[in-house]
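What follows is each chain in one-letter form.
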Amino acid sequence: MFDRFLLRSRLAGALFASILGATLLVSGGCGYHVAGRGARLPQTWRTIAIPALTNRTTRYRIEQRLTEAVIREFLARTTYRVVQDEASADAVLRGEILSIETSPVLFDAATGRVTTMVVTLRVKVILTDRQTQKPAYQNDALVFRDEYQISTDVRSFFQEQDPALGRMAHDFAAQVVSNILENF
């Protein structure tokens with residue numbers, strides 16, 4: 001009796017292992033891939049020039065912040081070398097900051113003062129092959145938002161905005177590099 005039970009449990013275990021193995025084998029070819037590995041950029045590219053983004057806003061030095069963030073993200077996530085000289089690059093990534101707007105979102109019910117602001121950033125980018133001048137990636141409508149609290153101390157009002165812009169620069173760079181690598 002015990003032998004039959006042992007035989008059945010071994011057969012059930014072998015059957016389960018076979019089904020599991022077949023399922024894994026079949027699902028391996030379903031087209032899923034790890035994010036960041038589905039690049040559609042030419043394999044001959046080794047270098048990318050990233051000149052400073054053009055700033056069409058009145059916000060001082062926002063183009064430097066965004067450009068530095070994109071360069072850091074490319075260096076951290078890709079094997080491309082980022083160069084300054086466009087003539088020595090395989091591709092050129094250009095960007096243009098179209099607008100940056102700050103709007104009130106929340107108010108203090110007792111005083112009527114603004115307590116939370118939202119910053120909205122609109123940017124367009126294009127990555128072109130330097131040899132052919134054809135775009136490998138282009139997006140003319142990137143929008144990023146972040147909010148920040150307003151301090152009750154009037155002197156520190158603008159200090160609250162800087163961390164929000166830093167987060168937006170990081171988010172912008174991560175999104176642009178992901179879009180380029182994944183060909184979205």
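Everything numeric in this text was worked out from a predicted model, so none of it was measured.

**Quick look at the overall build of the protein chain**
Line of reasoning, step 1. Looking only at helices and strands, the protein chain features three helices and six strands.
Line of reasoning, step 2. Looking at the protein chain alone, contacts between residues at least 24 apart form 67% of all its contacts between residues at least 6 apart.
Line of reasoning, step 3. If you sum the accessible surface of the protein chain, you get close to 12,200 Å²; carbon and sulfur atoms cover 55% of it.

**Section: the confidence of the model for the protein chain**
Line of reasoning, step 1. Taken over all residues, the pLDDT of the protein chain has a mean of 80, while the share at 70 or more is 74%.
Line of reasoning, step 2. Segment residues 20-39 is flagged for pLDDT under 50; beyond a separation of four residues in sequence, or across chains, it makes nine contacts in the model.

**Observations concerning the environment of Asp140**
Line of reasoning, step 1. Within the secondary structure, Asp140 is located in strand S6 (residues 135-149).
Line of reasoning, step 2. Counting along the chain gives 45 residues from Asp140 to Gly95, while the straight-line C-alpha distance between them is 9.2 Å.
Line of reasoning, step 3. Filtering out sequence-adjacent residues up to four positions away, Asp140 remains in contact with Leu98, Val123 and Lys124.
Line of reasoning, step 4. Within the local environment of Asp140, its side chain forms a polar contact with the side chain of Gln138, the two groups lying 3.3 Å apart.

**Details of the pairing of strand S4 (residues 91-107)**
Line of reasoning, step 1. Inspection of the sheet shows strand S1 (residues 47-49) paired to S4 by two bridges, in the parallel sense. Counted as the bridge partner of Ala49 is Val92 from S4.
Line of reasoning, step 2. In the sheet, strand S2 (residues 54-55) pairs with S4 via two bridges, with the strands oriented parallel. Looking at the pairing, Asn55 lines up with Ile97 of S4.

**Points about the packing of aromatic side chains**
Line of reasoning, step 1. Scanning all chains against the criterion turns up one aromatic pair.
Line of reasoning, step 2. Measuring from centroid to centroid gives 5.5 Å for Phe144 and Phe172, while their planes differ by 85°, and the two rings are edge-to-face. Here Phe172 lies in helix H3 (residues 157-182) and Phe144 lies in strand S6, a separation of 28 residues in the sequence.
Line of reasoning, step 3. Residue classification places Phe172 among the buried residues on the basis of a relative accessible area of 1%.

**Focus: empty space enclosed by the protein**
Line of reasoning, step 1. Per the stated rule, a full pass over the model turns up one cavity of 30 Å³ or more.
Line of reasoning, step 2. Counted as a void, the largest cavity has a volume near 30 Å³.
Line of reasoning, step 3. Every residue lining the largest cavity is listed: Leu53, Val70, Leu93, Arg94, Gly95, Val125, Phe172 and Val176.
Line of reasoning, step 4. Broken down by element, the residue count for the lining of the largest cavity peaks at three residues, all from S4.

**With respect to the nonpolar core**
Line of reasoning, step 1. Core analysis: the biggest nonpolar cluster contains 35 residues, and Leu66, Phe74, Leu93, Leu127 and Phe172 have the highest contact counts within it.
Line of reasoning, step 2. Of all the secondary-structure elements, those providing two or more residues to this core are helix H2 (62-77), S4, strand S5 (114-129), S6 and H3.
Line of reasoning, step 3. With ten residues, the top contributor of residues to this core is H3.
Line of reasoning, step 4. Excluding its chain neighbours within four sequence positions, the residues that come into contact with Leu93 are Ile48, Ala49, Ile50, Pro51, Val70, Phe74, Val125, Ile126, Leu127 and Ile180.

**A short note on the side chain of Thr78**
Line of reasoning, step 1. For Thr78, the location among the structural elements is in the loop between H2 and strand S3 (81-83).
Line of reasoning, step 2. Polar side-chain contacts of Thr78 include one of 3.3 Å to the backbone nitrogen of Tyr80.
Line of reasoning, step 3. Ignoring anything within four residues of it in the chain, the contact list for Thr78 reads Val177 and Leu181.

Rules of the game
Residues numbered from 1 in each chain as written. Predicted model: local features only at pLDDT ≥ 70, side-chain atom pairs only at ≥ 80, totals over all residues. Heavy atoms only, no water. Helix = DSSP H or I, 4+ residues; strand = E, 2+ residues; numbered from the N terminus. Contact = heavy atoms within 4.5 Å. Areas by Shrake-Rupley, 256 points an atom, 1.4 Å probe, with all protein chains shown as cover. pLDDT = per-residue confidence, 0-100. Polar contact = N/O pair within 3.5 Å; in protein donor to acceptor, adjacent residues only side chain to side chain. Pairing = 2+ DSSP bridges. Phe/Tyr/Trp six-rings, centres within 6.5 Å; stacked < 30°, edge-to-face > 60°. Buried < 20%, exposed > 50% of the residue type's maximum accessible area, 1.4 Å probe, protein only. 1 Å grid on protein atoms, 1.4 Å probe; cavity = no way out; pocket = protein on both sides within 12 Å on 5 of 7 lines; lining within 4 Å. Points joined across faces, edges and corners; volume = space filled by probe spheres on them. Core = buried A, V, L, I, M, F, W, Y, C linked by side-chain atoms within 4.5 Å.

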